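Below are the chains, spelled out letter by letter.
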Amino acid sequence: MKTIVILTRTNSPYSQKKEFGSKSAVELVENWASKVSEKTVYVEKGSCVRDLLYNMNEACKKENADTVIFSFDDVPFIDEKLTKSLLDSHFDFKSEYTYADGYPYGFAPEVIDSGALNILCELSQTTKEKEGNAPVNKDCIFSFLKSDINSFEVESVLAEDDYRLFRYNFCCDKKENFIACKKLFELTEGKNLTVNEKCLLAVKSTDILQTVPGFYNFQIASKCSGTCSFCPYPSCYKNKFNGEAKDSSDLMKYEDFCKAVDEIYELSENAVISLSLWGECFYHPELIKFVEKVLSYKSLSVFIETDGLNVNEEICNSLKKITDKAEPRTNGYEKIYFAVSMDAFTAETYSKLHNLPQEMFEKCVKSVSLLKTVTDEVYPQFVRMNDNENELESFYRYWNEQSNPSGGKLIIQKYDSFSGLLPDYKPADLSPVERNVCWHLRRDLCILNNGDSPLCKEFLFNNITGNVFKEGIEKVWQKTKESVKQHLENNYCKECKVCDEYYTYNF
């Protein structure tokens, strides 16, 4: 039986950097390929999964191959021994598809039977055409196969420990992953380590756990519409500024924001920028310009969380013009996302939770349809708590329907007591058995309208790490690394110790 390696180019500049013992990721992958098969074929990924499957299938037929070992060309740690284990399992169990389960991405290829590949190719053009039109990403073949998984013989090689919760991607496709790869190479260079030993080093490394931010959370307007019972912001604002948040006129300056966005692009390259840390961003008279600035970089996306009460046709038309004009994103996300804070299925419950007149509920619901004219990425949001738990099912059933204004999209969010600032009203404890290093410390940077950066959203106006307008984004970000190190050592401040947001994840 003939087995070939099929590689797909990522065409990332990071895959060509000679940072791994004077070799690049591409060179290391080609070296691996020469050891696991006599023949290596490069195929173009095309514009969608169907294109990739078609190109792979054609290469397989041309080489008269029975089995394909598939990988992208930017994974410097792809392992020969793990590949052999996959092949042994694939042939021993007469599998049609074999993969490594529980490992971080980048250590193992996928093994596919030529017959199964041919079937997948046909499915992508017939009954699974929608899935076939999906964009190519690192797990696209497995994701496509899962849509009809019972039709295939699938085997897996299990990792000694499950590393999936760390969401590592040891590939050189973008800056944050490239940094992690470089750090892992520094830790393992010259050592003959197994994949599991490398993984154990990675999960104990602060520099690998925290590379560059992927989510920047800005407060561009201090004013908010009401006093939500599940939000600490109005009372914290009153304590700090001796005034009401609903009467605030504090705004972030557009010039300061632009400077910060330029620095974000330099530091992270790929990121999602939220305009909704606190307050209601639709109160900012220059909101359109803020969105336009972010979208001027095609590797940055916008996220807006809104109460929907200030959304109107005029502003949606302006947002649509900007988003239509912006280039497609290169960061794997869409141009702009909206989450509408609804939190109820009835006007009565909405009024109780948001301390607003019941007629505001209809306005909030209507904003979903208005925002849908800007983008398909509009999500009615429901913070799950004791006071609305009885409406959760109704909310889900209604908004999950494709025929409704959101097109079936919605967000169910866990309740947050902000480390005890609010009563514990969560109806269920969803926290994992073992605590992980906080995702928000690893991935997020919060920025108040004056440039101050609290260590985390949970601190609101306290525990300021630095000021990004005065010190710069990167310097402030570097200051947060000590907190990640402390979390890695299970050493928590009093707020972090009682916080259960550590396992939640933004983009």
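Preceding this paragraph is the structure being described.
What you see is a predicted model; the values in this text were computed from it and never measured.

Engineer: Provide a residue-level description of the sheet that holds strand β11 (residues 378-384), including the pertinent values.
Structural biologist: Strand-to-strand pairing in sheets goes through backbone hydrogen bonds, with the strands running parallel or antiparallel. Read across the sheet, seven strands follow the order β12-β11-β10-β9-β8-β7-β13 without closing on themselves; strand pairing throughout is parallel. Looking at the sheet topology across the chains shown, the edges are occupied by β12 (411-414) and β13 (444-447). Taken pair by pair, the neighbouring strands of this sheet meet at an average axis angle of 25°, ignoring direction. Bridge analysis of strand β9 (residues 300-306) against strand β10 (residues 336-341) gives five bridges, and the strand direction is parallel. If you follow Thr-306 over to β10, its bridge partner there is Val-340. Contacting β8 (271-274), β9 and β10, helix α12 (residues 287-295) runs over the sheet at an angle of about 150° to β9.

Engineer: I'd like a rundown of α12, residues and numbers included.
Structural biologist: All of the buried residues in α12 are Leu-287, Phe-290, Val-291, Lys-293, Val-294 and Leu-295. On the buried face of α12, the contacting elements are α11 (254-268), β8, β9, α13 (313-325) and β10.

Engineer: Run through the packing of aromatic side chains, naming residues and quoting values.
Structural biologist: For the structure on display, the rule yields 36 aromatic pairs. Relative to Phe-290, the ring of Phe-257 lies with its centre 4.5 Å away and its plane at 35°, an arrangement referred to as tilted. You can see Phe-257 sitting in helix α11 and its partner Phe-290 sitting in helix α12, a full 33 residues away along the chain. Taken together, the ring pairs in this structure connect Tyr-14, Phe-20, Phe-77, Phe-107, Phe-166, Tyr-168, Phe-170, Phe-178 and Phe-185 into an aromatic cluster. Between the NZ or CZ atom of Lys-138 and the centre of the ring of Phe-72, over which it lies, the distance is 5.2 Å.

Engineer: Explain the pattern of salt bridges to me, using residue names and the numbers behind them.
Structural biologist: Across all of its chains, the model carries 25 salt bridges by this definition. Its salt-bridge partner being Glu-63, residue Lys-2 comes within 3.4 Å of it at the nearest N-O pair. Of this pair, Lys-2 sits in the segment before β1 (3-8) while Glu-63 sits in the loop between α2 (49-62) and β3 (67-72), placing them 61 residues apart in sequence. Among the residues examined, Lys-2 registers a relative accessible area of 32% and is labelled partly exposed. Accessibility expressed as a relative area gives 17% for Glu-63, which makes it buried.

Engineer: For the side chain of Ser-276, give the residues involved together with the corresponding values.
Structural biologist: By secondary structure assignment, the location of Ser-276 is in the loop between β8 and α12. With near-sequence residues (within four places) excluded, Ser-276 lies in contact with Asn-217, Phe-218, Cys-281, Phe-303, Ile-304 and Glu-305.

Engineer: Go over the nonpolar core, please, and point to the residues and values.
Structural biologist: Across soluble globular proteins, you tend to see nonpolar side chains buried next to one another. In terms of nonpolar packing, the biggest core is built from 59 residues, with Phe-218, Ile-273, Leu-275, Phe-282, Val-291 and Ile-304 touching the most fellow members. Tallying contributions element by element places α11 first for this core, with seven residues. If near-sequence neighbours (up to four positions away) are discounted, Leu-275 is found in contact with Phe-218, Ile-220, Phe-257, Cys-281, Leu-287, Phe-290, Val-291, Val-302, Phe-303 and Ile-304.

Engineer: Talk me through the sheet that holds strand β5 (residues 110-113); I want residue IDs and the actual numbers.
Structural biologist: Spatially, β2-β1-β3-β5-β4-β6 is the arrangement adopted by the six strands of the open sheet, whose pairing is mixed. Single-partner strands in this sheet number two, and they are β2 (40-43) and β6 (154-158). Adjacent strand axes in the sheet meet at a mean angle of 25°, parallel and antiparallel pairs treated alike. When strand β4 (residues 97-101) meets β6, the two strands line up parallel, connected through five bridges. Within β6, the position partnered with Asp-101 by the bridge is Leu-158. Helix α1 (residues 25-36) contacts β1, β2 and β3 of the sheet and is inclined by roughly 170° relative to β1. On top of the sheet, helix α3 (residues 80-92) reaches β1, β3, β4, β5 and β6; it is set at about 140° to β4, its chief contact.

Definitions and limits used
- Residues numbered from 1 in each chain as written.
- Predicted model: local features only at pLDDT ≥ 70, side-chain atom pairs only at ≥ 80, totals over all residues.
- Heavy atoms only, no water.
- Pairing = 2+ DSSP bridges.
- Helix = DSSP H or I, 4+ residues; strand = E, 2+ residues; numbered from the N terminus.
- Axes fitted to C-alpha atoms, helices over the stretch in contact; angles between N-to-C directions.
- Contact = heavy atoms within 4.5 Å.
- Buried < 20%, exposed > 50% of the residue type's maximum accessible area, 1.4 Å probe, protein only.
- Phe/Tyr/Trp six-rings, centres within 6.5 Å; stacked < 30°, edge-to-face > 60°.
- Lys NZ or Arg CZ within 6 Å of the ring centre and 35° of its normal.
- Salt bridge = Lys/Arg side-chain N within 4 Å of Asp/Glu carboxyl O.
- Core = buried A, V, L, I, M, F, W, Y, C linked by side-chain atoms within 4.5 Å.

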